[in-house]
Amino acid sequence: MLSFEEALTTVRERLAAAEHRPGREVVPLGEARGRILAEDVLADRDYPPFHRSLRDGFAVRSQDVLTVPARLRLRGEIRAGEHFAGEIGTGECVSIMTGAPLPAGADAVVMVEHTQSPDDRVRIHRAVHSGENVVQQGSEARAGARVLPQGRRLGPGELGLLASVGKSQVPIFAQPVVAIIPTGDELVPVEKRPEWFQIRNSNAVSLSAQVAGAGGIPHCLAIAPDRPDALRSLIQEGLNADLLLLSGGVSAGKYDFVEQVLADLGAEFYFQSVALRPGKPLVFGRAAGKFFFGLPGNPVSTFVTFTLFARPTLAVLGGADFEAPLFLRARLDKSFQQRSGLTAFLPARLERPSADPVVSLVRWQGSGDLVGVAAANCFAVIHPEETSVAAGDWVDVMLKGPEY
Ligand code: AMP
Ligand code: MG
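Residues numbered from 1 in each chain as written. Chains lettered and ligands numbered in written order. Predicted model: local features only at pLDDT ≥ 70, side-chain atom pairs only at ≥ 80, totals over all residues. Heavy atoms only, no water.

Undergrad: Can you help me understand the overall build of the chain in this one?
TA: In terms of helices and strands, the chain carries seven helices and 29 strands. Over its C-alpha atoms the chain spans a radius of gyration of 30 Å, topping by over 25% the 22 Å that the globule rule assigns to 404 residues. Its C-alpha atoms give the chain principal-axis dimensions of roughly 90 × 50 × 40 Å. The buried share among the 404 residues of the chain stands at 46%. In the chain, the share of contacts with a sequence separation of at least 24, taken over all contacts with a separation of at least 6, comes to 70%. Charged side chains of the chain number 41 positive and 46 negative; the gap between the two group centres comes to 2 Å. (Helix = DSSP H or I, 4+ residues; strand = E, 2+ residues; numbered from the N terminus. Rg over C-alpha atoms; globule rule 2.2 N^0.38 Å. Buried < 20%, exposed > 50% of the residue type's maximum accessible area, 1.4 Å probe, protein only. Contact = heavy atoms within 4.5 Å. Lys, Arg positive; Asp, Glu negative; His and termini not counted. Charge placed at Lys NZ, Arg CZ, Asp CG, Glu CD.)

Undergrad: Before we go on, may I ask you to explain the sheet that holds strand β5 (residues 57-60) in this structure?
TA: Adjacent strands of a sheet form backbone hydrogen bonds with each other and so pair up, either parallel or antiparallel. If you trace the six strands from one edge of the open sheet to the other, you get β8-β5-β7-β6-β10-β9, paired in mixed fashion. Since the sheet does not close on itself, it has two edges, and those belong to β8 (108-111) and β9 (115-116), each with one partner. With four bridges joining them, strand β6 (residues 70-78) and strand β10 (residues 121-124) adopt antiparallel strand pairing. Looking across to β10, one finds that R71 is bridged to R123. (Pairing = 2+ DSSP bridges.)

Undergrad: How do you make sense of the packing of helix α3 (residues 203-213) against helix α6 (residues 299-317) when you look at a structure like this?
TA: Geometry of a packed helix pair, given as the angle between the helix axes and the separation of the axes. Direction vectors running N to C along α3 and α6 enclose 25°, while the axes themselves pass 10 Å from each other. Of the possible angle classes, the one that applies to α3 and α6 is roughly parallel. The element α3 and its partner α6 pack so that their crossing is right-handed. Seen from α3, the contacting residues are N203, L207, Q210 and V211; seen from α6, they are P299, T302, F303, F306, T307 and L314. (Axes fitted to C-alpha atoms, helices over the stretch in contact; angles between N-to-C directions. Parallel < 35°, antiparallel > 145°, perpendicular 65-115°, else oblique. Left-handed = near helix turned anticlockwise from the far one by under 90°.)

Undergrad: How do you make sense of the packing of helix α1 (residues 4-18) against α6 when you look at a structure like this?
TA: Running from N to C, α1 and α6 point in directions that differ by 20°, and their axes come no closer than 10 Å. If you check the angle between α1 and α6, you find them roughly parallel. When you trace α1 past α6, the crossing you get is right-handed. Residue-level contacts link F4, A7, L8, V11 and L15 of α1 to L308, F309, T313, V316 and L317 of α6.

Undergrad: Even after reading the chapter, I still don't get the environment of D369, so can you show me in this structure?
TA: With respect to the helices, strands and loops of the structure, D369 is situated in the loop between β26 (358-361) and α7 (370-375). In sequence terms D369 and V300 are 69 residues apart; their C-alpha atoms lie 6.5 Å from each other. The contacts of D369, once residues within four sequence positions are left out, are V300, R363 and W364.

Undergrad: When you look at the pairing of β6 in this model, what are you seeing that I'm missing?
TA: On a regular strand, each side chain points to the face opposite its neighbour's, so the side chains alternate between the two faces of the sheet. For β6 and strand β7 (residues 92-96), the ladder comprises four bridges, and the chain directions are parallel. Across the sheet, the residue bridging to L74 is C93, located in β7.

Undergrad: What exactly am I supposed to notice about the nonpolar core here?
TA: Within the largest apolar cluster, 37 residues are counted, with the highest numbers of intra-cluster contacts made by L245, F293, F309 and F345. Examining the composition of this core, we find that 10 residues originate from one element, α6, more than from any other. Here F293 is in contact with V11, L243, L244, L245, L246, L282, V283, F284, F309, A310 and T313, once residues within four sequence places are set aside. (Core = buried A, V, L, I, M, F, W, Y, C linked by side-chain atoms within 4.5 Å.)

Undergrad: Mind showing me how you'd approach the pattern of salt bridges here?
TA: Side chains that carry opposite charge are capable of pairing whenever their charged atoms lie near each other. Per the stated rule, a full pass over the model turns up 12 salt bridges. Measuring nitrogen to oxygen at the nearest pair gives 3.0 Å for the salt bridge that ties D396 to R329. Note that D396 is positioned in strand β29 (residues 394-399) and R329 in strand β23 (residues 327-332), a separation of 67 residues in sequence. By relative accessible area, which is 44% here, R329 ends up partly exposed. A salt bridge links D356 to R331; its shortest N-O distance comes to 2.7 Å. With a gap of 25 residues between them, D356 in the loop between β25 (343-351) and β26 and R331 in strand β23 connect regions that are remote in the sequence. One network of salt bridges, with partners in common, ties together R73, R75 and E92. (Salt bridge = Lys/Arg side-chain N within 4 Å of Asp/Glu carboxyl O.)

Undergrad: Just to check I follow, could you spell out the site of ligand 1 for this structure?
TA: Ligand 1 sits among 16 residues. The nearest are E186, N201, S202, G249 and G297. In this structure, an oxygen atom belonging to ligand 1 sits 2.5 Å away from a side-chain N or O atom of E186. At 3.0 Å from a nitrogen atom of ligand 1 is found a side-chain nitrogen or oxygen belonging to N201. Look at ligand 1: alone it shows 480 Å² of surface, and the protein chains cover 79% of it. (Near = heavy atom within 4 Å. Polar contact = N/O pair within 3.5 Å; in protein donor to acceptor, adjacent residues only side chain to side chain. Areas by Shrake-Rupley, 256 points an atom, 1.4 Å probe, with all protein chains shown as cover.)

Such coordinate-based values are descriptive only and should not be taken to indicate function.
Below, the structure is given as structure tokens:
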């Protein structure tokens, strides 16, 4: 059985070898949030485009204020959105506002707090070195320099940068369509009242939200009964999408038919279980040229295995880099023992009561317990070799994240 890390490497390598090329489209900037950039974006001019004052104050020649107090003659005022036509000579200064271009001849700005200006003579109380309180033209980016690479996911900061360089139309990659097939004779749609022995199909809902949050377009197919013939036609339909996610039917039960049906359809399997808890019976492979995951049906297993494996897969299918899950470190609040040989992802809460972050496990009943996951804001990650963790020991933590 592959370790969690080996399984993640397998997914990364299989995706890289497939050299997937998503389609491209162009959308208005206002519609580009969360999308993946399809081209490098270059600076259309220097950034900043001029030597920009960082402060409200006086633009000076630093040579003139080597010894303070110094008295300078006021030549005028420059507001943001204006520029000064003349040049500042020896012994002169100009009143300048934050964001305004430095006038020719000046090389620094003295903050207004360090000056007095009763009339057209300005008293400077503090010396400044050349360049102080000024952002040099082109220091953030030179005209023509790459400010965003192809493959970058566009969050608020990236969108602001696109706006500042004038990209009102943004080239982006098409979003991958993800087919979702829930399997299980016990499942009923959320709208339907379940018999006492039936279960509502919650995985299709959580998976759809996870797919959308990861930049994909969820396409939910019908609930597949635990019968090979019905499963087969749904899987064939699902393989029209860019990625197929199945939930349930991948354990060793008598009515777990997912792998058998995929095999009959000529699937290649890259792994069929991972040393992971929850989520051990996780299946990854390819059929009809499309990747698929058989996610274990228990809702927490489905949730965790999507986050760990399907989310980075979607990033690649969408034209971004493989976004492997990020772990932070925190101190575990209570001791913990395990002998499972598996990497455990335990619903937990991360807080910072004092200097160090502390992670505490929430009460949960195992891989079916969505109540526990909803109470958590992260997962504590306990690796197989960490058989005995003492209270206060540092452990890995994976944030649950609003977008997961
Ligand atoms: P399975 O992986 O098919 O053996 O299912 C494991 C457990 O997860 C069972 O208790 C199922 O009832 C439950 N389960 C499977 N699919 C879903 C689903 N779509 N929504 C909610 N629970 C599910
Ligand atoms: Mg089942």
